[in-house]
Amino acid sequence: MLSYILRRIASTLPVMAIVALFVFSLLYIAPGDPAVVIAGDQASPEDVERIRQSLGLDRPFLIQFGSWVWRILHGDLGTSIFTNLPVSTMIGQRLGPTLSLMMVTLLLTIVVAVPLGVLAAWKAGSLIDRAIMAFAVFGFSLPVFVVGYVLAYVFALEFEWLPVQGYTPLAQGFWPWLQNLILPAIALGCVYIALIARITRATMLEVLQQDYIRTARAKGLGQGGILFVHALKNAAVPIVTVIGIGIALLIGGAVVTESVFAIPGLGRLTIDAILRRDYPVIQGIVLLFSFVYVLVNLMIDVTYTLVDPRIRY
Amino acid sequence: MSEQLLRIDDLHVAFSTRRGTVEAVRGVTLTVEAGEMLGLVGESGSGKSVTGFATTRLLDAAGRVTGGKILFRGQDVTKLRGDDLRHLQGAAMSMIFQNPRAALNPIRAIGLQIADAILTRKRISKDAARAEALELLRAVQIRDPETRMNAYPHELSGGMCQRVMIAIAISCNPALLIADEPTTGLDVTTQKVVMDLVAEISAARGMATILITHDLGLAARYCRRIAVMERGRIVEEASPRTLFSSPQHAYTRRLVAASPTATSRIEDLVTEEERERHAAVVSRPRQELAHGTPPLLEVRKLAKRFDQGAAAVADFSMTMTGGESVGLVGESGSGKSTTSRMICRLIDPSEGEIVFDGQSIGHVASRDFHRSRFRKDIQMVFQDPNESLNPRFTAFDCIAHPLMRLDRIRAGRELRQRVEECAERVGLPLDLLPRFPHQLSGGQKARVGIARAIACRPRLLVLDEPTAALDVSVQAVVLQLLDRLRRENDIALLFVSHDLNVVRMLCDRTIVLRNGGIVEQGESRALFDNPKTDYTRKLVEAIPHIETGPMLAAAL
């Protein structure tokens, strides 16, 4: 098992290298002279030259790339052109809110979607099943910002149960922290819940047809034992896969959700950085998200082997 | 002790399908006494399994008991709900199934699966349940039970999986065990071991058993009473001896005739009346080949090694002449399918030579063999006609494809003529040609598979267990068809099978394989009547012989 995990980590290295090369090339894919692009429309020729010098843009591409990678390996993501703060510091300040939002959303999704899917599969064809699937279509079709504004209007403005927007760090207490995340997590999780509920239902339906489920019934096991001990674990591999893919969806959705609920997270930072053409910051964020995604995929692969003893690498 | 344990009274079971309600069981009445073993015999669709599932209350959602009673110790099973039902399942009666590997949860260690069954009945600790599970594994004679406790189903053989199923079934000392095709798909030797075990355990525990099977010979060997089912009804109930010596019902007569025995010939497989009705089998004696005719197929020192493993096949040599039929028998894992696939050029041999019609074809990569001019000459009929036909192709497409690919016939009148001619040769009614596989019966699908294989007039037909998935009456017709095709068209048949009775009938010569090597070969009748090696003798003895009668029942 350990050697498998080590081999998998080793195999992610080339992926990360390619991602790094791509992220670094961002600056050069944009048309025109990078220094001019960074300096913006109102910059004087001196400004452009200063930027070119400070970023080392006058040196050959591969040398620039090499030194950039070297610095990253030492934990230096560069300095923001706009704020002059180190990129790692800026990301560090914004990481908490985004991670909190993603975690709460993920937890909410799994806790809601998987039981819904199991219930729908168990009662397949019934009114409950149809209601759940109708809800799934609904959740799938609504854009995050629509759900977000509707939730904020109803629960924050009309009923005043929850704050309209903003973010409170966890250090100031669990409830204040959670209070601010409930509405954004629901808004962000809608699509995700719909997706996972559907996948869970489909896989469970297939598993419930299998001979070993009949055996479980023949043994006299109760419905709960059949559904959760025998069926759900057999259905786990596709469900876990989709949960993993969904994390990529979450990253994209977080950008929009943070704007709607004014959460000072990485999503907001990304938008700001793009608007200001703050390339070092953009590069740092994309690199971080890629890394998270590769890591999640690794975790999913390891989960497969835990769930299914037939999977051996 | 002739206490009545189970009494089924005029049972009706219906399934709601897309095309309306289908009655699968239409008035079954039977009784089982405590401790007895009853055989319930019939072909697919006869309702025998449905009767079993209705009794254990395991019908799937579409099935409903629409009439009659199932009295177990005087209590109507069909009316049980909730806890009473759960008490019945497992504790009072239990069931083992066909395809034991699929019947076990693939991702749960077998020890846990047995313990699950124990824990639903008894309020004991997990450790105590584990200890009981270990005892049960010993009871079903699994070697090295301590290690096997942690094994997963995919790590066990089919026979061992069925033993685990038996362990689960007997874990709570049920009074009735329903065994639904418990040995179908297992090797003859494994089949005997598993059935002996079931019989032994039933006798030792005084447990009544219903053996549901399509194999009359198997039922005759282990049961004192056999009920024959046809289309949802019991048509005859008698002792095996009476059933075989003087079957009363026409269907039983047909079934008895179609069950191959050690002495039956291909012509015998249908009853007198049927033979007259079809009057098809033209027996034309095969002309003797002139001395010195070169063999059609010559295989020399064929071997196949898979990655990092022992050889699947080693040092396999044989020859075949045109129009000859050769049987390839052995238990699963003996390498018979691998060998046949190499000869068909579907997989590449690691070593050795395959010479067809004087040309070496062994070195042509299997990936490129479809371009060889010999692809037409060597064709294959696959095991399961349900799985080997493309569900999106009509019967016509299936037969037309090889003609278009290999004989370069364009779509049009000629193609239609050729396809219809093939269909006629295999006895497939022409109005079935536009149908898709799911609209055809098992026998019809088998015919489509054979028609596809003979479409380009091959000279060698390799058949991999072509009748294993078919009912005996359908098997009889398919075997006659193959024999006729061989006589009429001089097609050589390489017949891979674990059913020795069938091989004995159909094949001139037989090759016995074990662990990838040839154990024995020779003229079929001589080989089976007088086996030279212990292995062949064991294989032959394991076949349930109808003539020898219910040995076990007599011994009890």
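Rules used throughout
- Residues numbered from 1 in each chain as written.
- Chains lettered and ligands numbered in written order.
- Predicted model: local features only at pLDDT ≥ 70, side-chain atom pairs only at ≥ 80, totals over all residues.
- Helix = DSSP H or I, 4+ residues; strand = E, 2+ residues; numbered from the N terminus.
- Rg over C-alpha atoms; globule rule 2.2 N^0.38 Å.
- Buried ≥ 20, exposed ≤ 12 C-beta atoms within 10 Å, placed from the backbone.
- Contact = placed C-beta atoms within 7 Å.
- Nonpolar A, V, L, I, M, F, W, Y, C, P; charged D, E, K, R; others polar.
- Pairing = 2+ DSSP bridges.
- Axes fitted to C-alpha atoms, helices over the stretch in contact; angles between N-to-C directions.
- Right-handed = clockwise from strand over helix to strand, strands pointing away.
- Arc of directions from axis to C-beta.
- Core = buried A, V, L, I, M, F, W, Y, C linked by C-beta atoms within 7 Å.
- Parallel < 35°, antiparallel > 145°, perpendicular 65-115°, else oblique.
- Left-handed = near helix turned anticlockwise from the far one by under 90°.
- pLDDT = per-residue confidence, 0-100.

1. So, the overall build of chain A
Assigned secondary structure in chain A consists of 13 helices and zero strands. In chain A, the succession of helices and strands from N to C terminus is α-α-α-α-α-α-α-α-α-α-α-α-α. Taken along its principal axes, the extent of the C-alpha atoms in chain A is 80 × 55 × 35 Å.

2. Some words on the overall build of chain B
Check the secondary structure of chain B and you find 22 helices and 20 strands. Expected size for 556 residues packed as a compact globule is a radius of gyration near 24 Å; at 25 Å, chain B falls within 12% of this value. Considered along the principal axes of its C-alpha atoms, chain B spans approximately 75 × 50 × 45 Å. The 556 residues of chain B split such that 46% are buried. Put simply, 68% of the contacts in chain B that link residues at least 6 apart link residues at least 24 apart.

3. Let's talk about the environment of glycine 330 of chain B
Here glycine 330 of chain B shows up in the loop between β13 (325-329) and α13 (336-343). Distance in space between the C-alpha atoms of glycine 330 of chain B and valine 188 of chain B is 9.5 Å, their sequence separation being 142 residues.

4. A closer look at the interface of chain B and chain A
Contacts between chain B and chain A engage 22 residues on the former and 18 residues on the latter. Of all the secondary structure elements, the ones that give two or more residues to the side of chain B that touches chain A are α2 (82-92), β6 (93-96), α3 (100-103) and α4 (110-121) of chain B. Ranked by residues supplied to the side of chain B that touches chain A, first place goes to α2 of chain B with four residues. For the side of chain B that touches chain A, a count of residues per class yields twelve nonpolar, eight polar and two charged.

5. Notes on the sheet that holds strand β5 (residues 75-76) of chain B
Residue and element names in this part refer to chain B. As summarised here, the arrangement of the four strands in space is β2-β1-β4-β5, forming an open sheet in which the pairing is antiparallel. Lying at the two open borders of the sheet, with one neighbouring strand each, are β2 (20-33) and β5. Of the pairings in the sheet, the one linking strand β1 (residues 4-17) to β2 comprises eleven bridges and is antiparallel in character. Of the residues in β2, the one forming a bridge with histidine 12 is arginine 26.

6. Things to note about the sheet that holds strand β18 (residues 492-497) of chain B
Residue and element names in this part refer to chain B. Judged by pairing direction, the sheet is mixed, and its six strands sit side by side in the order β16-β17-β18-β13-β19-β20 without closing on themselves. Looking at strand neighbours, the two that pair on one side only are β16 (378-381) and β20 (517-523), the edges of this open sheet. This sheet shows a mean twist of 20 degrees between the axes of neighbouring strands, independent of strand direction. Sheet topology note: the strand β19 (residues 509-514)/β20 ladder contains six bridges and is antiparallel. Opposite isoleucine 511, over in β20, you have glutamine 521 as the bridge partner. Contacts from α13 reach β13, β17 (460-464), β18 and β19 within the one sheet, and its direction differs from that of β18 by about 155 degrees.

7. Overview of the pairing of strand β7 (residues 176-180) of chain B
Residue and element names in this part refer to chain B. Most of β7 is tucked away: five of the five residues are buried. Summarising the sheet, β6 and β7 pair through four bridges and their orientation is parallel. Considered in β7, the bridge of methionine 93 is made with leucine 176. Since β7 and strand β8 (residues 208-213) lie parallel, the crossover through helix α8 (residues 188-205) that links them has a hand, and here it is right-handed.

8. Considerations on α2 of chain B
Of the positions making up α2 of chain B, those classed as buried are Arg86, Leu88, Gln89 and Gly90 of chain B. With its buried residues spanning 155 degrees around the axis, α2 of chain B presents them on a single face. Exposed side chains of α2 of chain B directed beyond 90 degrees from the buried face belong to Asp83 and Asp84 of chain B. The inward-facing, buried residues of α2 of chain B contact α9 (211-218) of chain A together with α1 (48-56), β6 and α4 of chain B.

9. Comments concerning the environment of aspartate 483 of chain B
Residue and element names in this part refer to chain B. Mapped onto the elements, aspartate 483 comes out in helix α18 (residues 472-489). For the pair aspartate 483 and lysine 122, spaced 361 residues apart in sequence, the C-alpha to C-alpha distance is 58 Å. What aspartate 483 contacts, discounting residues up to four positions off in sequence, is Ile266 and Leu506.

10. Side note on the nonpolar core
Formed by 218 residues in total, the largest nonpolar core has its most connected members in Ile196 of chain A together with Met165, Leu176, Ile399, Ala451, Leu494 and Phe495 of chain B. By residue number, the principal contributor to this core is helix α8 (residues 174-208) of chain A, which donates 17 residues. Apart from residues lying up to four places away in sequence, leucine 176 of chain B is in contact with Leu5, Leu6, Val32, Met93, Met207 and Ala208 of chain B. Listed in part, the five residues of the second largest apolar core include Ala35, Ile38, Ala39 and Ile81 of chain A.

11. Considering the packing of helix α11 (residues 250-258) of chain B against α18 of chain B
Residues and elements named next belong to chain B. Interhelical geometry of α11 versus α18 gives an angle of 55 degrees and a closest axis separation of 8 Å. In this view, α11 runs oblique relative to α18, as classed from their interaxial angle. Between α11 and α18 lies a crossing of left-handed hand. Side by side, α11 and α18 meet where Arg254, Leu255 and Ala258 of the first sit next to Val472, Ser473 and Ala476 of the second.

12. Describing the confidence of the model for chain B
Residues and elements named next belong to chain B. Averaged over every residue, the pLDDT of chain B is 85; residues scoring 70 or more account for 93%. Overall, residues 277-285 carries pLDDT values under 50, and its contacts beyond four positions in sequence, including any with other chains, amount to four contacts. Predicted as a complex, the structure gets a pTM of 0.79 and an ipTM equal to 0.75.

13. Considering unusual backbone geometry
Residues and elements named next belong to chain B. Residues other than glycine seldom take positive phi values, yet arginine 73 does so here, at roughly 50 degrees. Its 16 C-beta neighbours within 10 Å are what place arginine 73 among the partly exposed residues. Positive phi, normally seen in glycine, also occurs at aspartate 315, with a value near 55 degrees. Here aspartate 315 shows up in strand β12 (residues 311-320).

14. A look at the packing of helix α5 (residues 87-122) of chain A against helix α11 (residues 236-260) of chain A
Residues and elements named next belong to chain A. At a minimum axis separation of 10 Å, α5 and α11 run at an interaxial angle of 135 degrees. Viewed along their axes, α5 and α11 adopt a mutual orientation that is oblique. Seen along the crossing, α5 lies across α11 with a hand that is right-handed. Residues Thr98, Leu101, Met102, Thr105, Ile110 and Val114 of α5 form the contact with α11, whose participating residues are Ile239, Ile243, Leu250, Ala254 and Thr257. Along the lines of polarity and charge, the residues of the contact of α5 with α11 split into eight nonpolar, three polar and no charged.

15. Overview of the pairing of β17 of chain B
All names here are of chain B. Burial of β17 is extensive: five of the five residues sit out of reach of the surface. The side-chain alternation of β17 yields two buried faces, one formed by Leu460, Val462 and Asp464 and the other by Leu461 and Leu463. Both β17 and β18 contribute to a ladder of five bridges, which runs parallel. Bridged to aspartate 464 within β18 is valine 496. Crossover β17 to β18 through α18 is right-handed.

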